[in-house]
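Examination of the molecular architecture
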Amino acid sequence: MLFTNPVVISIIVLLALSLLRINVVIALIISALTAGICSDLGISKTIETFTNGLGGGAEVAMNYAILGAFAIAISKSGITDLLAFKVIKRLGHSPNGRSMAGFKYFILAVLVLFAISSQNLLPVHIAFIPIVIPPLLAIFNKLKIDRRAVACVLTFGLTATYMLLPVGFGKIFIESILVKNINQVGADLGLQTNVAEVSLAMAIPVIGMVLGLLTAVFITYRKPREYAAAAQELTTAEIEQHIAGIKPFHVATSLAAIVVTFGLQLFTSSTIIGGLAGLIIFAACGIFKLKESNDIFQQGLRLMAMIGFVMIAASGFAGVINATGGVTVLVDTFSQGLGADNKGLAAFLMLLVGLFITMGIGSSFSTVPIITSIYVPLCLSLGFSPLATVSIVGVAAALGDAGSPASDSTLGPTSGLNMDGKHDHIWDSVVPTFIHYNIPLMIFGWIAAMYL
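Looking at an unreviewed UniProt entry, one finds the chain named Sodium:proton antiporter and attributed to Caviibacterium pharyngocola. Check the Subcellular location (unreviewed entry) section of the UniProt entry for the chain; it says "Cell membrane".

This brings us to the nonpolar core. Formed by 97 residues in total, the largest nonpolar core has its most connected members in Leu 28, Leu 111, Phe 140, Met 350, Tyr 375 and Phe 384. Take this core: its biggest share by element is 11 residues, from helix α8 (residues 147–164). If near-sequence neighbours (up to four positions away) are discounted, Met 350 is found in contact with Tyr 375, Leu 378, Cys 379, Leu 382, Phe 384, Ile 392 and Ala 396. In terms of nonpolar packing, the next biggest core, distinct from the first, is built from 17 residues, Ala 73, Ile 79, Ile 281 and Ala 283 among them.

Each aromatic ring pair is specified by the distance between its two centres and by the angle formed by the two planes. Under the defined criterion, the tally for this structure stands at 4 aromatic pairs. Ring centres 6.2 Å apart and planes at 40 degrees place the aromatic pair Phe 156 and Tyr 437 in the tilted group. With Phe 156 in helix α8 and Tyr 437 in helix α20 (residues 425–451), this pair connects stretches of sequence that are 281 residues apart. A single burial state applies to Phe 156 and to Tyr 437, both of which are buried. The side chain of Arg 147 reaches across the aromatic face of Tyr 227, ending 4.4 Å from its centre.

Here we come to the environment of Pro 432. Relative to the helices and strands, Pro 432 is located in helix α20. The spacing of Pro 432 and Cys 152 is 280 residues in sequence and 6.9 Å in space, taken between C-alpha atoms. What Pro 432 contacts, discounting residues up to four positions off in sequence, is Arg 148, Cys 152, Tyr 221, Ile 426 and Trp 427.

The next point concerns the confidence of the model for the chain. In this model, the chain carries a mean pLDDT of 78, and residues with pLDDT of at least 70 account for 79%. Element-level pLDDT for the chain is lowest in helix α11 (residues 236–244), with a mean of 58, against a maximum mean of 92 in helix α10 (residues 195–220).

In this structure, Lys 144 takes a positive phi of about 60 degrees despite not being glycine. You can see Lys 144 is positioned in the loop between α7 (129–143) and α8.

What follows deals with a nonpolar patch on the surface. On the surface, a cluster of nonpolar side chains totalling about 530 Å² of accessible area is made up of Ile 207, Val 210, Leu 211, Leu 214, Phe 218 and Ile 219. Structurally, Ile 219 is set in helix α10. When its relative accessible area of 59% is taken as the criterion, Ile 219 is described as exposed.

Right, let's talk about the pattern of salt bridges for a bit. Tallied over the entire structure, the rule returns 4 salt bridges. Asp 146 is the partner of Arg 225 in a salt bridge, and the nearest nitrogen-oxygen pair spans 3.3 Å. Here Arg 225 is found in the loop between α10 and α11, whereas its partner Asp 146 is found in the loop between α7 and α8, with 79 residues between them in sequence. When its relative accessible area of 3% is taken as the criterion, Asp 146 is described as buried. Note that Asp 428 is salt-bridged to Arg 225, the shortest N-O span being 4.0 Å. Within this pair, whereas Asp 428 is found in helix α20, its partner Arg 225 is found in the loop between α10 and α11, the two being separated by 203 residues in sequence. Three or more residues are tied together by salt bridges with common partners; here these are Asp 146, Arg 148, Arg 225 and Asp 428.

Examined against the element boundaries, Gly 53 turns out to sit in helix α3 (residues 42–53). A residue is classified by how much of its surface remains accessible, and Gly 53, at 15% relative accessible area, is buried. Aside from chain neighbours lying at most four places away, what touches Gly 53 is Ser 315 and Gly 316.

Take α7 next. An ideal rise of 1.5 Å per residue puts 21 Å on 15 residues; α7 measures up with 19 Å between its terminal C-alpha atoms. Remark: the principal bend of α7, roughly 45 degrees, maps to Leu 136. Within α7, 12 of the 15 residues are buried, which leaves it mostly tucked inside the rest of the structure. The set of residues buried in α7 consists of Ile 129, Pro 130, Ile 131, Val 132, Ile 133, Leu 136, Leu 137, Ala 138, Ile 139, Phe 140, Asn 141 and Leu 143.

Mapped onto the secondary structure, Thr 433 falls in helix α20. Among residues more than four places away in sequence, those in contact with Thr 433 are Ala 151, Cys 152, Thr 155, Ala 402, Gly 403, Thr 410 and Asn 438.

Once that is clear, we can look at the packing of helix α18 (residues 386–398) against α20. Where α18 meets α20, the axes come as close as 8 Å, and the angle between the chain directions of the two elements is 165 degrees. Taken as axis vectors, α18 and α20 run roughly antiparallel relative to one another. α18 and α20 meet at a crossing whose hand is left-handed. When α18 is examined against α20, the residues Ala 388, Ser 391, Ile 392, Val 395 and Ala 398 are found in contact with a partner set consisting of Leu 441, Gly 445, Ala 448 and Ala 449. Residues that form the contact of α18 with α20 fall into these classes: 7 nonpolar, 2 polar and no charged.

Among the structural elements, Phe 114 can be located in helix α6 (residues 98–117). Residue Phe 114 is classed as partly exposed on the basis of its relative accessible area of 23%. Between the C-alpha atom of Phe 114 and that of Leu 158, which follows or precedes it by 44 residues, the distance is 9.4 Å.

Rules used throughout
Residues numbered from 1 in each chain as written. Predicted model: local features only at pLDDT ≥ 70, side-chain atom pairs only at ≥ 80, totals over all residues. Heavy atoms only, no water. UniProt positions renumbered as here; feature names shortened; annotations may be inferred. Core = buried A, V, L, I, M, F, W, Y, C linked by side-chain atoms within 4.5 Å. Buried < 20%, exposed > 50% of the residue type's maximum accessible area, 1.4 Å probe, protein only. Helix = DSSP H or I, 4+ residues; strand = E, 2+ residues; numbered from the N terminus. Contact = heavy atoms within 4.5 Å. Phe/Tyr/Trp six-rings, centres within 6.5 Å; stacked < 30°, edge-to-face > 60°. Lys NZ or Arg CZ within 6 Å of the ring centre and 35° of its normal. pLDDT = per-residue confidence, 0-100. Patch = residues over 30% accessible without salt bridge, like charges linked within 9 Å, V, L, I, M, F, W, Y side chains within 5 Å. Areas by Shrake-Rupley, 256 points an atom, 1.4 Å probe, with all protein chains shown as cover. Salt bridge = Lys/Arg side-chain N within 4 Å of Asp/Glu carboxyl O. Expected span 1.5 Å × (residues − 1). Bend = angle between axes of the 7 residues up to and from the residue. Axes fitted to C-alpha atoms, helices over the stretch in contact; angles between N-to-C directions. Parallel < 35°, antiparallel > 145°, perpendicular 65-115°, else oblique. Left-handed = near helix turned anticlockwise from the far one by under 90°. Nonpolar A, V, L, I, M, F, W, Y, C, P; charged D, E, K, R; others polar.

Here you go:
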């Protein structure tokens, strides 16, 4: 029964095609057609549903376009170059041995902070990665850092942050999506939650992600890794020349634009408005001229185009998945025969279904509305507490975000780490993050469900 479900079949096809290094957009289209053919939709209806579903990704694509333009404007201010050149200069004076190892972990710690702040303090999401990471590739090569560890570091900051902290993108996920959907479904069932309860419920699963991060950095990818044809290193004189050319006023402008963008994003709950305000500040302060705004936006589009197209295709795929009715059948299949004495098995199966759905859709934000209407009544009927119910729904949605071929949490790191063509999206971003985050989330999500 499990392997005849159109949802399961289509996701297996998606993962198989991705592991064969087929383009993710193509893999999503083929998987959507597979889901439709394996259900009662038929080819014509599947194509129509997929096409209609593409519009659901338009807002996401627009967000990425604005964020890409904002990231380009930040790079023009010189603040990211200043950071990279300071690091390169510091590295040039660092001795070998233990201090080099310490410097390696310092770099990884800084990247964790960058990724975390990209969700709230500097709400550009993944747009910072293609700007900040490429200048650091020469440093990674010199330190012989395994880029799979960097991918895990970046994905942790992108994923764990919105799961736990109700600020920035976390505010969207926790307040606007998770709390809203749970309260809508739970209104007639006596279940109402709030932001504080959701953050508390997600704390235990996030601890699992922290352990996964530490395992990736200090155990799995600890050994040095050589990358052929390392990027050419700058001399000390060239570094000093670059730093001298960066104007302090432009750096100050960047900081002001970041603060304004962050404040407006919180006040309006709109990334587009916040990013637009930041671009206006950059233009007004001379970072770029108004007549160059078209070029800035086009560069932003090029920066984020692939990710935007994947998100749009994933939205169409999600539309087909919903239309097949396979999700409901899948949950019903797992829930049949489960009673209050089978809570442990029920929690595991609900998390597993969430993993399947999000792995295919690639967005935990899009998964919540799909599973909430089914999971909330099922959890309450099985005797789960409100906190446990919130944890199951939240973790089931977040599962698969890290480790999905179509997730921006894996596409983002690849966009920066593969700038020199030496980082494979599937084997160096998707597989490592799947192993180090989805497995701990399954375990600690189950613990949260059983003991909260």
